[in-house]
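Analysis of the macromolecular model
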Amino acid sequence: MIKINENYLKLKASYLFADIAKRVAAFQDANPDKEIIRLGIGDVTRALPKACIGAFHKAVDEMASDATFRGYGPEQGYPFLREIIAREDYQTRGADISPEEIFISDGAKCDTGNIQEIFSTDITVAIPDPVYPVYLDTNVMAGRTGHFNEGRYEGIIYLESTSENGFIPELPKKSVDLIYLCYPNNPTGATITKQQLADWVRYAIKNKALILYDAAYEAFIREDSLPRTIYEIEGAREVAIEFRSFSKTAGFTGTRCAFTVVPKTCRAYDRHGEKHAVLPLWNRRHATKFNGVSYPVQKAAEAVYSPDGKAQIKELTDYYMKNAQLILNNMTQLGYECTGGNNSPYIWINGKRDSWEFFDMLLNKAGVVCTPGAGFGKCGEGYIRISAFNSFENVQKAMERICRIAW
Ligand code: MLT
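For clarity, every value in this text was computed on a predicted model and none was experimentally measured.

Quick word on the site of the ligand
As a matter of local geometry, the ligand sits amid Phe-17, Ile-41, Gly-42, Tyr-132, Asn-186, Tyr-217, Lys-248, Tyr-346 and Arg-385. Within the side chain of Tyr-132, an N or O atom sits 2.6 Å from an oxygen atom of the ligand. Burial of the ligand by the surrounding chains reaches 85%, relative to a free accessible area of 270 Å². Split by residue class, the shell around the ligand holds five nonpolar, two polar and two charged. Each of domain 1 (6-47 + 308-404) and domain 2 (53-306) contributes no fewer than three residues to the shell around the ligand.

Right under this line is the structure:
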């Protein structure tokens, strides 16, 4: 008899953004003439930077000739991309990361979801609340939790991020083994200082824990004092894995390219307490289950680091940050407490009411899609998240419609 992985039965019926898409589709069916503005899922809307498109086309042309055609590439990514990432994203910032420590992939969602496979199922996992649902759901699938009870999975240590702690959770009171952190944060838009991040690194060293640091929104940081990578923090090479993505940085949500950094010195332990390097485990997993990102996509990603590419992605992220400012200003003027929007494309808004009720109200009265905070965890109840990823004109229109609602 074929048996299912019963851990899947513990999950909520569908993934948050699939749930939202269903509700929006039902609304559109019932109101075919209403124009909907989507500020829910953080999906980019602007074209790929010209530098990327040029490189992409050129690489496709190479595939059209036997002399320059490429078949399977290295699973870890082509050296040209790993080298430029190590230099531009890390070494120029004083972070000691080498090309062999970079693993190119098709998305930070997959990497943050898959990484837990290389760790034991009997570890204690600390996950922020609210949180990007992938971290939690993949640990549920792997069997690291009990059942879902009153908004929480048994066995998970929830790191509460609230307005009281500035959306930076306190260090866990008891020892945990695996810690998920994401800054600039999805969904709250909060940022972490070097000092605060150093506290987490020290905690991980002291407790023989490991930090999974999701820095997918790093390109939206505008304050120079904020850390752009966890490897700016002393000791992080031993205790942290970092995830980055070209999705939001360069408009690659539909093109797919990201990378994970696993330093050679990053360690974990076996059941006897013996130390092991994590890199060979991730390398083994990656090489067994993944066949690499396509050559043209990696060439397009490489172009992000060319002089033109750098200028174009700055222009692209500035564009979305202008949207973020507009959302932040309007929602603040309406009297809502907001966070994010300054170094992040997400604005986290305290609606002081049930977050699905707020979601429905914005959809029904303004035709605007947001993301209900409750979908990100218990601490998200009462909040909504508005994403800055859309055209400036649409964001302006959305804000005008929201301001017209009789509050
Ligand atoms: C979000 O809206 O939280 C993100 O777009 C989800 C993702 O990047 O997978």
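More follows now that the structure is in view.
Re the sheet that holds strand E2 (residues 102-105)
On the basis of which strands lie adjacent, the open sheet formed by seven strands has the order E2-E10-E9-E8-E7-E3-E6 and mixed pairing. The sheet terminates laterally at E2 and strand E6 (157-160), the two strands that pair on one side only. Sheet twist, expressed as the mean angle between neighbouring strand axes with direction ignored, is 20°. Pairing of strand E3 (residues 125-129) with strand E7 (residues 178-182) involves two bridges; the strand directions are parallel. Note on E7: the bridge partner recorded for Ala-126 is Ile-179.

Some thoughts on the packing of aromatic side chains
Taken as a whole, this structure holds 23 aromatic pairs when the rule is applied. With a centroid separation of 5.8 Å and an interplanar angle of 80°, the aromatic rings of Phe-220 and Phe-389 are classed as edge-to-face. In this pair, Phe-220 is assigned in the loop between strand E8 (210-214) and helix H7 (236-239) and Phe-389 in the loop between strand E17 (383-387) and helix H13 (392-404), connecting sequence segments 169 residues apart. Across the pair, Phe-389 and Phe-220 agree in class, each one buried. Judged by centre distance (5.8 Å) and plane angle (85°), the ring pair of Tyr-319 and Tyr-320 falls under edge-to-face. Through a chain of ring-to-ring contacts, the aromatic side chains of Tyr-15, Phe-17, Phe-167, Trp-348, Phe-376 and Tyr-383 assemble into a single cluster. Directly above the ring of Tyr-319 sits Arg-46, whose terminal nitrogen or CZ lies 3.9 Å from the centroid. Between the NZ or CZ atom of Lys-208 and the centre of the ring of Tyr-269, over which it lies, the distance is 5.0 Å.

Re the state of the cysteines
Should the sulfur atoms of two cysteines be covalently bonded, the bond is a disulfide. Summed over all chains, the structure comprises zero disulfides. Considering cysteine sulfurs only, Cys-257 is the nearest to Cys-52, which forms no disulfide, with 10.0 Å between them. We note that Cys-370 lacks a disulfide partner, and the nearest cysteine sulfur, in Cys-338, lies 12 Å from it. The class for Cys-370 is buried, based on a relative accessible area of 0%.

As for the domain arrangement of the protein
Each assigned domain of the protein is listed here: domain 1 (6-47 + 308-404) and domain 2 (53-306). The straight-line distance from the C-alpha centre of domain 1 to that of domain 2 is 24 Å. Contact with domain 1, which involves 38 residues of that partner, is made by 50 residues of domain 2. Taken together, the connections running from domain 1 to domain 2 amount to two salt bridges. For Asp-318, the salt bridge identified is with Arg-222, shortest N-O distance 2.9 Å. On the surface where domain 1 and domain 2 come into contact, there are 19 residue pairs in polar contact (both at pLDDT 80 or more).

So, the packing of helix H1 (residues 16-30) against helix H12 (residues 355-366)
Orientation of H1 relative to H12, taken along the N-to-C sense of each, is 35°, at an axis distance of 11 Å. Crossing handedness for the pair H1 and H12: right-handed. Where H1 approaches H12, its residues Leu-16, Ile-20, Arg-23, Val-24 and Phe-27 are matched on the opposing element by Trp-356, Phe-359, Asp-360, Leu-363 and Asn-364. Here the contact of H1 with H12 is built from residues that sort into seven nonpolar, one polar and two charged.

Notes on the pattern of salt bridges
Applying the stated criterion across every chain, the model contains 23 salt bridges. The partner of Arg-244 in a salt bridge is Glu-242, with the nearest N and O atoms 3.1 Å apart. Counted as one network, the salt bridges with shared partners bring together Asp-89, Glu-218, Arg-228, Glu-242 and Arg-244.

Thresholds, definitions, all that
- Residues numbered from 1 in each chain as written.
- Predicted model: local features only at pLDDT ≥ 70, side-chain atom pairs only at ≥ 80, totals over all residues.
- Heavy atoms only, no water.
- Near = heavy atom within 4 Å.
- Polar contact = N/O pair within 3.5 Å; in protein donor to acceptor, adjacent residues only side chain to side chain.
- Areas by Shrake-Rupley, 256 points an atom, 1.4 Å probe, with all protein chains shown as cover.
- Nonpolar A, V, L, I, M, F, W, Y, C, P; charged D, E, K, R; others polar.
- Domains from an automatic or database assignment.
- Pairing = 2+ DSSP bridges.
- Helix = DSSP H or I, 4+ residues; strand = E, 2+ residues; numbered from the N terminus.
- Axes fitted to C-alpha atoms, helices over the stretch in contact; angles between N-to-C directions.
- Phe/Tyr/Trp six-rings, centres within 6.5 Å; stacked < 30°, edge-to-face > 60°.
- Buried < 20%, exposed > 50% of the residue type's maximum accessible area, 1.4 Å probe, protein only.
- Lys NZ or Arg CZ within 6 Å of the ring centre and 35° of its normal.
- Disulfide = S-S within 2.5 Å.
- Contact = heavy atoms within 4.5 Å.
- Salt bridge = Lys/Arg side-chain N within 4 Å of Asp/Glu carboxyl O.
- Left-handed = near helix turned anticlockwise from the far one by under 90°.

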